[in-house]
Amino acid sequence: MNTQITNKPSDAKLNLLNVSNLSKMYPKKLALSGINLTLEPGHIVGLLGPNGSGKTTLLKILAGVIKDYNGTVTINGIPIGPETKALVSYLPDNSYFSPWMTPLNMISMFKDFYTDFSEDKCLEMLHKLGLNEKQRINTMSKGMIEKFQLCLVMSRKAMFYILDEPIGGVDPAARDYILDTILSNYEPNSTILMSTHLISDVERIFDTVIFLKEGEIVLQGDIDNIRAVEDKSIDQLFREVFKC
Amino acid sequence: MTNQFQSNTPIYLQLVNNFKHRIVSGELTVGSKLESVRDLALYFEVNPNTMQRALAELERDGLVFAERTTGRFITKDKELIIKMRESVAQEIIDQFILQMSSLGFSNQEAVNLFIKKIEERSV
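Quantities reported herein were computed from a predicted structural model and do not represent experimental measurements. (Residues numbered from 1 in each chain as written. Chains lettered and ligands numbered in written order. Predicted model: local features only at pLDDT ≥ 70, side-chain atom pairs only at ≥ 80, totals over all residues. Heavy atoms only, no water.)

**Remarks on the overall build of chain A**
Okay, so step 1: For chain A, the helix and strand inventory stands at nine helices and 10 strands.
Okay, so step 2: Taking 2.2 N^0.38 as the reference for a compact globule, 244 residues should give roughly 18 Å; the C-alpha atoms of chain A span a radius of gyration of 18 Å, in line with that estimate.
Okay, so step 3: Its C-alpha atoms give chain A principal-axis dimensions of roughly 55 × 40 × 35 Å.
Okay, so step 4: Burial status across chain A gives 53% buried among its 244 residues.
Okay, so step 5: Excluding contacts between residues fewer than 6 apart, the proportion of contacts in chain A whose partners are at least 24 apart in sequence is 69%.
Okay, so step 6: Counting every atom, chain A has about 11200 Å² of accessible surface; 51% of that belongs to carbon and sulfur.
Okay, so step 7: The positive charge centre, built from 25 side chains, and the negative charge centre, built from 29, are 5 Å apart in chain A. (Helix = DSSP H or I, 4+ residues; strand = E, 2+ residues; numbered from the N terminus. Rg over C-alpha atoms; globule rule 2.2 N^0.38 Å. Buried < 20%, exposed > 50% of the residue type's maximum accessible area, 1.4 Å probe, protein only. Contact = heavy atoms within 4.5 Å. Areas by Shrake-Rupley, 256 points an atom, 1.4 Å probe, with all protein chains shown as cover. Lys, Arg positive; Asp, Glu negative; His and termini not counted. Charge placed at Lys NZ, Arg CZ, Asp CG, Glu CD.)

Okay, here's the thing in structure tokens:
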């Protein structure tokens, strides 16, 4: 892998995200090793890498869930903390609902927690995806729970959306709707960082991709430039870079 | 509009070609207004930045022009459209010649086959 297509350097103040020399050590495993990354406002970024490459760890650090790490991370110039959490809408890789809850319970909690949350938007998305706001979480399928979680996250008007595998468990028809939802709800000045394994399904909505391999960034750049240079789809390139 | 893109060539270039084709074929009429970047991106289900890039490319070619407050329009330059139409046709013919010769047909054989096909179709 010798293609390093970097974004042109820009004024650090304009960056939405600044990560410098970020490392994270789990007992007996180095999850992230010296990550440097900047993202500007107004992009949809794909975070791609095989299982165990550090995607979820990186996203958890950006979302403020993992706090013990080495290096510096700022969002909108502010070090990760309560202040940045208000700017970030985060979809974790697993569900945080209690089984007895209904979507309505969660919606009222989100209304309390986040001033940028729109209940109307959430209900509209929920209905379009065929969900019922009064159905208890423990009677929902895995895919239904995922859809609902995404509705919550996309109903906030955040500066930075961090989505960890948002479409993994949903059927292809709903997948298309979700991608449309992401595109139509996306504000020109916000940035979406999204990890996924379903590259061929989503690569058309990215403008930037990041390849993560064993805790390091091995490729980062504008997706159409990469296609032009490599003459390959991102899915094909991924299969080559991460060939087992 | 999903899945109409080939994933190994830049999507913005495919969008440029799509617009070019619709401009020279007259599907998009001379001087007509284009939808907003956002709506076009949604229609093609692509990233708004990718759509923006495609429109910038079309502007550079002169096929589309922007008016500061009102948006983007298809060019009013009919001559440019005629020229562009011819150059698109040339590309298709070049492709035909290349492929026929790679199949081992001589130029004359290719022409004969072509004429024969056209006559069959017009019956």
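**What about the nonpolar core?**
All names here are of chain A.
Okay, so step 1: Grouped together as the largest cluster of nonpolar side chains are 51 residues, with contacts concentrated most on Phe148, Leu152, Leu163, Ile192, Phe206 and Phe211.
Okay, so step 2: Contact partners of Phe211, with chain neighbours within four places excluded, come to Leu48, Glu216, Ile217, Val218, Leu219, Ile234, Leu237, Phe238, Val241 and Phe242.
Okay, so step 3: Membership of the second largest hydrophobic core comes to 27 residues, among which are Leu22, Leu62, Ile80 and Leu193. (Core = buried A, V, L, I, M, F, W, Y, C linked by side-chain atoms within 4.5 Å.)

**What about the interface of chain B and chain A?**
Okay, so step 1: Each partner contributes residues to the interface: chain B has 17 residues there, and chain A has 25 residues.
Okay, so step 2: Buried surface at the junction of chain B and chain A, both sides included, amounts to about 1600 Å², of which 46% is carbon and sulfur.
Okay, so step 3: In this structure, the connection of chain B to chain A is made through two salt bridges.
Okay, so step 4: Across the salt bridge formed by Glu45(B) and Arg204(A), the nearest N and O atoms sit 3.4 Å from each other.
Okay, so step 5: On inspection of chain B and its partner chain A, the count reaches 10 residue pairs in polar contact (both at pLDDT 80 or more).
Okay, so step 6: Secondary-structure elements contributing two or more residues to the side of chain B that touches chain A are helix 1 (11-24), helix 2 (37-44) and helix 3 (48-60) of chain B.
Okay, so step 7: No other element matches the four residues that helix 3 of chain B contributes to the side of chain B that touches chain A.
Okay, so step 8: In the side of chain B that touches chain A, the residues fall into seven nonpolar, seven polar and three charged. (Buried area = accessible area lost by both parts, 1.4 Å probe. Salt bridge = Lys/Arg side-chain N within 4 Å of Asp/Glu carboxyl O. Polar contact = N/O pair within 3.5 Å; in protein donor to acceptor, adjacent residues only side chain to side chain. Nonpolar A, V, L, I, M, F, W, Y, C, P; charged D, E, K, R; others polar.)

**Topic: the sheet that holds strand 10 (residues 216-222) of chain A**
Residues and elements named next belong to chain A.
Okay, so step 1: With mixed pairing, six strands are arranged side by side in an open sheet as 6-7-8-3-9-10. Two strands bound the open sheet, and with one partner strand each, they are strand 6 (88-91) and strand 10. Neighbour-to-neighbour, the strand axes of this sheet turn through a mean angle of 15 degrees, independent of strand direction.
Okay, so step 2: In this fold helix 1 (residues 55-63) packs onto strand 3 (44-48), strand 6, strand 7 (160-164), strand 8 (191-195) and strand 9 (208-213), with an angle of close to 150 degrees to the strand it touches most, strand 7. (Pairing = 2+ DSSP bridges. Axes fitted to C-alpha atoms, helices over the stretch in contact; angles between N-to-C directions.)

**Regarding the sheet that holds strand 1 (residues 17-26) of chain A**
Backbone hydrogen bonds hold the strands of a sheet together, and the pairing may be parallel or antiparallel.
All names here are of chain A.
Okay, so step 1: In spatial order, the strands read 2-1-4-5; together these four strands make up an open sheet with antiparallel pairing. Every interior strand has two partners, whereas the edge strands, strand 2 (29-39) and strand 5 (78-79), have only one.
Okay, so step 2: Summarising the sheet, strand 4 (residues 70-75) and strand 5 pair through two bridges and their orientation is antiparallel. Bridge pairing in strand 5 places Ile75 opposite Ile78.
Okay, so step 3: Sitting on the sheet, helix 1 is in contact with strand 1, strand 2 and strand 4, with an inclination near 120 degrees to strand 1.

**Looking at helix 4 (residues 119-128) of chain A**
Residues and elements named next belong to chain A.
Okay, so step 1: Inspection of helix 4 places Cys122, Leu123, Met125 and Leu126 among the buried residues, and these make up the whole buried set. What you see down the axis of helix 4 is that its buried residues fit within an arc of 165 degrees, all on one side. Among the exposed residues of helix 4, those pointing more than 90 degrees away from its buried face are Asp120 and Lys128.
Okay, so step 2: On its buried side, helix 4 packs onto helix 3 (103-113), helix 5 (142-154) and helix 6 (172-185).
Okay, so step 3: At the exit of helix 4 stands Gly130, carrying a positive phi of roughly 75 degrees. (Arc of directions from axis to C-beta.)

**Digging into the layout of surface pockets**
All names here are of chain A.
Okay, so step 1: In this structure, the second largest pocket encloses a volume near 360 Å³.
Okay, so step 2: Together, 16 residues line the second largest pocket, and Val65, Tyr90, Pro92, Tyr96 and Tyr114 are the ones closest to its centre.
Okay, so step 3: Every element with two or more residues in the lining of the second largest pocket is listed here: strand 6 and helix 3.
Okay, so step 4: Ranked by residues supplied to the lining of the second largest pocket, first place goes to helix 3 with four residues.
Okay, so step 5: Looking at the lining of the second largest pocket, its residues break down into 12 nonpolar, two polar and two charged. (1 Å grid on protein atoms, 1.4 Å probe; cavity = no way out; pocket = protein on both sides within 12 Å on 5 of 7 lines; lining within 4 Å. Points joined across faces, edges and corners; volume = space filled by probe spheres on them.)

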